[in-house]
Amino acid sequence: MGLNDRPTAERPHIGFFGMRNAGKSSIVNAVTGQALSLVSDVKGTTTDPVQKAMELLPLGPVVIIDTPGLDDEGLLGEMRVKRALQTLNKTDVAVLVVDGTVGLSDLDRKLLEKFAQKEIPHVVVYNKSDLDGFSAPDGAFAASAATGAGIHELKERIALLGRAEENPRKLVADLLAPNDLVVLCTPIDESAPKGRLILPQQQTIRDILDAGAAAVVAKDTELAATIAALGKAPKLVITDSQAFGKVAKIVPESLVLTSFSILFARYKGDLARAVAGAAQLDRLKDGDTVLISEGCTHHRQCGDIGTVKLPAWIRKYTGKELNFVFTSGGEFPEDLSQVALIVHCGGCMLNEREMRSRIRAAVDAGVPITNYGIAIAQIHGILRRSLEPFPEILQLLD
């Protein structure tokens, strides 16, 4: 399997944690067989999480994350520790590296408690075990980054845990049968990337092909002519969410219509909760704060969906004077106490664990959370129609 065979968000994220000078970076380099992280005898050499997509045999494509030491000191050190702990939200498998000459510290134990709280599969490895002939406690590994002892066994355990964390769900393939036809509406405007399709569209096309079905792709301006020219009715029409209102008028009521964003809400989020969260649009009051959160970072352009179109649609739909705040990429507020509603993107650039971590944060704070496609469908009065492929979710609207 090649390096480019799987998007970063679809790869198991393997995080390495521990104290300064426990040898995290040395273990990372030994496990990966690369000089991925800078190594020295100076405490705190790793100052920020280092992340790299690569292959890790026998698991396959993964994302390796090396983090700063959790015993870092000073104001800057506290910021580094905070970043390291935030990394837990996207870690599928955690490796706690312990200095075998020192043993488990109180901070190590607290970190193990966090693994348990977040239900992160993990393994404990005692590094430098060659120095004193150290024997690791039951359930842990004794290893040496210097000699390579125990590294093979550690990689095997990481692979076992990583396979167990892979998402078993399908994006759209489970809704299709061989030889079905699916029409994808992909508007091309000033915010569309040049020369390529965006990741949700690429992944959806691949999933359709994996189901033995066929995909027909058209812009919104050619959609009506494309559907009319087909020899048979498509099983499903999938549109980019920002064109939902226009596309719903084009696609005959006899055809099933949904959006890429809604498919992603089911694939790596919580579709039922997102549908329930859309009802909050009808309960917003003047002065309420709406958080619009996007999982990727890109150059904002005129007509941007997250920062321009969605706020305008929501203001028009609610008729309220609202306060909008925005986050992108790895940013997500720790304090949601002033937020009345979260509208999140489909999360194609986030792995499933990070997406679910954000949903859990909203739930814990008592803040309704929905998603771009579901919010837009609600605004345009087509939410029920857009959920037709998911009868179990439709029941929530009755």
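Participant: Please explain the packing of aromatic side chains as it appears in this structure.
Facilitator: Here the distance between the centres and the angle between the planes together describe a pair of aromatic rings. Applying the stated rule across the entire model yields two aromatic pairs. Here Phe264 and Tyr267 contribute two aromatic rings whose centre-to-centre distance is 6.1 Å and whose plane-to-plane angle is 90 degrees, an arrangement assigned as edge-to-face. In this pair, Phe264 and Tyr267 are both assigned in helix α8 (residues 260-268), three residues apart and thus about one turn of the helix distant. Take Phe264 and Tyr267: they sit in the same class, and that class is buried.

Participant: Hey, could you run me through the packing of helix α5 (residues 199-210) against α8 in this one?
Facilitator: Each pair of packed helices can be summarised by the angle the axes make with each other and by the distance between the axes. Taken N-terminus to C-terminus, the directions of α5 and α8 make an angle of 70 degrees; their axes are 10 Å apart at the nearest point. Here α8 runs roughly perpendicular to α5, going by the angle between their axes. Contacts from Pro200, Gln201, Gln203 and Thr204 of α5 reach α8 at Phe260, Leu263 and Phe264. Looking at the contact of α5 with α8 residue by residue, the classes come out as four nonpolar, three polar and no charged.

Participant: Looking at this model, I keep getting lost on the sheet that holds strand β1 (residues 13-18). Mind explaining?
Facilitator: Strand-to-strand pairing in sheets goes through backbone hydrogen bonds, with the strands running parallel or antiparallel. One open sheet holds the six strands; their spatial order is β2-β3-β1-β4-β5-β6, and the pairing between them is mixed. In this open sheet, the two strands that pair with only one neighbour each are β2 (50-56) and β6 (141-142). Inspection of the sheet shows strand β4 (residues 93-99) paired to strand β5 (residues 122-127) by six bridges, in the parallel sense. The residue of β5 that forms the bridge with Val95 is Val123. Across the face of the sheet, helix α1 (residues 24-32) comes into contact with β1, β2, β3 (60-66), β4 and β5 while running at roughly 150 degrees to β1.

Participant: Is there a simple way to explain the sheet that holds strand β8 (residues 214-218) in this structure?
Facilitator: The parallel open sheet is built from four strands, whose spatial order is β8-β7-β9-β10. Across the chains shown, the open sheet's two edge strands, defined by having one partner strand only, are β8 and β10 (257-259). The mean angle between the axes of side-by-side strands here comes to 25 degrees, regardless of whether they run parallel or antiparallel. Strands in contact with α8 are β7 (181-185), β9 (236-239) and β10; relative to β10, the strand with the most contacts, it is inclined by about 70 degrees.

Reading the values: rules and limits
Residues numbered from 1 in each chain as written. Predicted model: local features only at pLDDT ≥ 70, side-chain atom pairs only at ≥ 80, totals over all residues. Heavy atoms only, no water. Phe/Tyr/Trp six-rings, centres within 6.5 Å; stacked < 30°, edge-to-face > 60°. Helix = DSSP H or I, 4+ residues; strand = E, 2+ residues; numbered from the N terminus. Buried < 20%, exposed > 50% of the residue type's maximum accessible area, 1.4 Å probe, protein only. Axes fitted to C-alpha atoms, helices over the stretch in contact; angles between N-to-C directions. Parallel < 35°, antiparallel > 145°, perpendicular 65-115°, else oblique. Contact = heavy atoms within 4.5 Å. Nonpolar A, V, L, I, M, F, W, Y, C, P; charged D, E, K, R; others polar. Pairing = 2+ DSSP bridges.

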